[in-house]
Structure formats: C-alpha cells, structure tokens
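The residues making up each chain are set out below.
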Amino acid sequence: AEAPAAEAAEAPYGDGTTSFAPRPVAQWAEVGAFQKYKNLEDSIAYGWMKQRLAEFPALAALEPQVEKCKTRPAMLDGTHAGDYGFDPLGYATTDELLYFYMESEVKHSRLAMIGALGWIAAELNSGEVAPNLLNGHLFELPNLAATVLVFGLWSWNEHLQYPAQYLEHTPNSGRYNYLHYEDGPYVAGNYDFDPLNFYSALGDDAAGRRSMRDLELAHGRTAMMGLTSWVLFEAVTGVPITSAAAIFFKPFWAWGLPFLGENGFIGTIEFAAIVGALGYKAYDVVANDWDSIKYMGDNDPKMKGFKVWLDQK
C-alpha cells in the first residue's frame, strides 16, 4: 500500500503584492488575538453604528449609508491594530494598499497629535488663533518657513524609508522588526525608536504591543478629528479654541463664559461647581454603591467593595 500523502504545507500569508513574508499564521503569537474577526460576516463598525441608530432615532436618515458598511471587508479580519472592519469605499483591496494606508494613518495620527499640542501652545502663547490655511496666517513668512522646513525634513525621511517601510520588514532589520516577526503580522509605523520603552508598558508580549498600537491609533484618530473641528470652528467664529473652551486649557481663574472672555469670578464659580459635583459623585458612590467598613455586615447584595473583598479573602 502506498504511504499517505504528506499534508500540504501551509500557504504563505498574504496575496503576494508585497515582499513582506511573515511566519506561517499557525506560528503567530496566540495572545495577540490576530484574525479575531475572520469568521464574522458583519463588520464590528456596522454593529456599533446600528446600536447608535437604535439609541438615537433622529439619525434614522443615515441607515441606508450604515447598511453599506454591513459586510466585513475581506482584508480587515482583526489582525491589525485599530481594525473595526470599516472600509466603505473599498480602499484596501490588496496587501500593498492595506500596508500603504496603515503607514499613512499612523503617520497622520502622529502628526495630528503633535499638531494638536503645538496648536494649543501657539494659542496660549499668542492669545490669537493658530495659523492655518483658512485664516491665511499660515502664509506669513515665519510660519511658512517653519512649515516648509518641517515637512521637507519629514519628506526626506520618508524618501529614505519608502518603500522599505512595508517591503523589507525582516527580523534582522531592527529590534522591533524582530519582535514583530515573532508576534506574526505586519506592523506599520515602526522606526525602531522607543527610548523610554513605552511600547512594553502594557506587557512585553504580542498582546501588550498590540494594545499600545490600538491606543496610539485611537488617540491619533481623535487628534485628527479634533484638529479638523478646531480649524472649522475658528474659521467661523474667529475665536481661539483655547478661549472658547478655556476650561480645558487654562487655570480656573482664567476661565469665563464662551465668547465673553476671561473672568476670574465666573471661573472660580465654575471651578467650585466642578469640585462640588465630583465630591458629590464620590460621596454617592461610597454611600450608595460601595459597602463601608462600618456596615460591611449588612449582607446587601447590591453592595460591593470592602465586604466583597473580605469575603473573597
């Protein structure tokens, strides 16, 4: 009798549009929870949007657009950070395009986070709206020179990195490329730069690194949306965001009412109201939710905290 045929080797991961060659999927770190959506037909983003439509009937007019996001794109299987299966325009159709857009998003996220910090610093320093395309101040010579310099240096850096960013991620081209190779899939935005070792703050394993990438993208996406809203707000009102929402950017004695300027008296009242609200909430939690040491024997099933902790001990 003939010997049974050997099992076929696992097919390489990817569609062959890049030379990135990870280890076989079976060897990827299990704790990384890669490909966690591969068996789902509907996208995670669709489920979230349907819940919002149910909560807010006024958004019912958006339902036809939401339905277009129902099917999970084949390329978005939960492998990569920030993946919620949302690609309604179908941009990511190949590995090459997916990796390109991943790199682009990380780059823009980092620029937006730095830009948001610079925006606030500029307005706090000058008391005026930050220079941007819509108000014309960006084209003043000092601002224009700084912009050209910064983006020129960044473009030069990209010229050196691209396309090696996503074509030559090999385990022997840097510490983090090696770790990513051990973890499994492609990782965008790696410049092998982490002097304070933040990347392992949530764990020095595939799960910890994946979580940090998720956090970076979440903050970056928020920064991109935030900067866009600031530009539009200041273009319409002409008021710096640091003045209109001083509560977030200035000490309480420099607060006031939106569009009416700073007022130390009003700011003090606002600060006292916030402290009082937080104090009441803390009292309410302790008094009505968390069991106290004094009454830890009341056996109230709704209580939690000290008594539950002691019972577990």
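What counts, and where the lines are drawn
Residues numbered from 1 in each chain as written. Predicted model: local features only at pLDDT ≥ 70, side-chain atom pairs only at ≥ 80, totals over all residues. Heavy atoms only, no water. Helix = DSSP H or I, 4+ residues; strand = E, 2+ residues; numbered from the N terminus. Buried < 20%, exposed > 50% of the residue type's maximum accessible area, 1.4 Å probe, protein only. Contact = heavy atoms within 4.5 Å. Polar contact = N/O pair within 3.5 Å; in protein donor to acceptor, adjacent residues only side chain to side chain. Core = buried A, V, L, I, M, F, W, Y, C linked by side-chain atoms within 4.5 Å. Salt bridge = Lys/Arg side-chain N within 4 Å of Asp/Glu carboxyl O. Axes fitted to C-alpha atoms, helices over the stretch in contact; angles between N-to-C directions. Parallel < 35°, antiparallel > 145°, perpendicular 65-115°, else oblique. Left-handed = near helix turned anticlockwise from the far one by under 90°. Nonpolar A, V, L, I, M, F, W, Y, C, P; charged D, E, K, R; others polar. Lys, Arg positive; Asp, Glu negative; His and termini not counted.

## Considerations on unusual backbone geometry
Peptide bonds are, in most cases, trans, and in most cases residues other than glycine have a negative phi. Not every positive phi belongs to a glycine, and glutamine 35 is a case in point at roughly 55°. Even without being a glycine, aspartate 192 presents a positive backbone phi close to 55°. Mapped onto the elements, aspartate 192 comes out in the loop between helix 6 (175–183) and helix 7 (206–237). We classify aspartate 192 as partly exposed; its relative accessible area is 36%.

## Quick look at the environment of threonine 17
Tracing the chain through its elements places threonine 17 in the segment before helix 1 (44–55). Along the primary structure threonine 17 and threonine 94 are separated by 77 residues, whereas in three dimensions their C-alpha atoms are 6.8 Å apart. If we skip the residues at most four places from it in the chain, threonine 17 touches Thr94, Asp95 and Glu96. A polar atom in the side chain of threonine 17 sits 2.7 Å from the side chain of aspartate 15.

## With respect to the nonpolar core
Residues Phe20, Leu76, Ala81, Ala92, Leu98, Tyr99, Met102, Val106, Tyr186, Ala188 and Leu217 constitute the largest nonpolar core, which totals 11 residues. A total of 4 residues in this core trace back to one element, the largest contributor, which is helix 3 (residues 95–126). Contact partners of alanine 188, with chain neighbours within four places excluded, come to Met102, Glu103 and Val106. With 10 residues, the next largest nonpolar core counts Ile120, Ala130, Ala223 and Trp230 among its residues.

## So, the pattern of salt bridges
Opposite charge on two side chains lets them pair, provided their charged atoms get close. If you walk through the whole model with that rule in mind, you get 8 salt bridges. The salt bridge partner of glutamate 216 is arginine 110, with a shortest N-O separation of 2.6 Å. Taken together, the positions of glutamate 216 in helix 7 and arginine 110 in helix 3 put the pair 106 residues apart, joining distant regions of the chain. With its nearest N and O atoms 3.0 Å apart, the salt bridge here joins arginine 209 to aspartate 204. Several salt bridges converge on common partners, so that one network encompasses Lys50, Glu63 and Glu67.

## Digging into the packing of helix 3 against helix 7
Across the interface, helix 3 lies against helix 7 with an axial gap of 8 Å and an inter-helix angle of 50°. With respect to helix 7, the element helix 3 is oriented oblique. In the crossing of helix 3 with helix 7, the sense of the turn from one axis to the other is left-handed. Contacts from Glu105, Val106, His108, Ser109, Arg110, Ala112, Met113, Gly115, Ala116, Trp119, Ile120 and Glu123 in helix 3 reach Glu216, Leu217, His219, Gly220, Arg221, Ala223, Met224, Leu227, Trp230, Val231 and Glu234 in helix 7. Partitioning the contact of helix 3 with helix 7 into residue classes produces 12 nonpolar, 5 polar and 6 charged.

## Comments concerning the side chain of aspartate 83
Summarising the element assignment, aspartate 83 is placed in the loop between helix 2 (63–67) and helix 3. Arginine 210 is the oppositely charged side chain nearest to the buried, salt-bridge-free aspartate 83, at an N-O distance of 6.3 Å. In this view, aspartate 83 contacts Tyr37, Leu76, Asp77 and Gly78; residues no more than four positions away in its chain are not counted.

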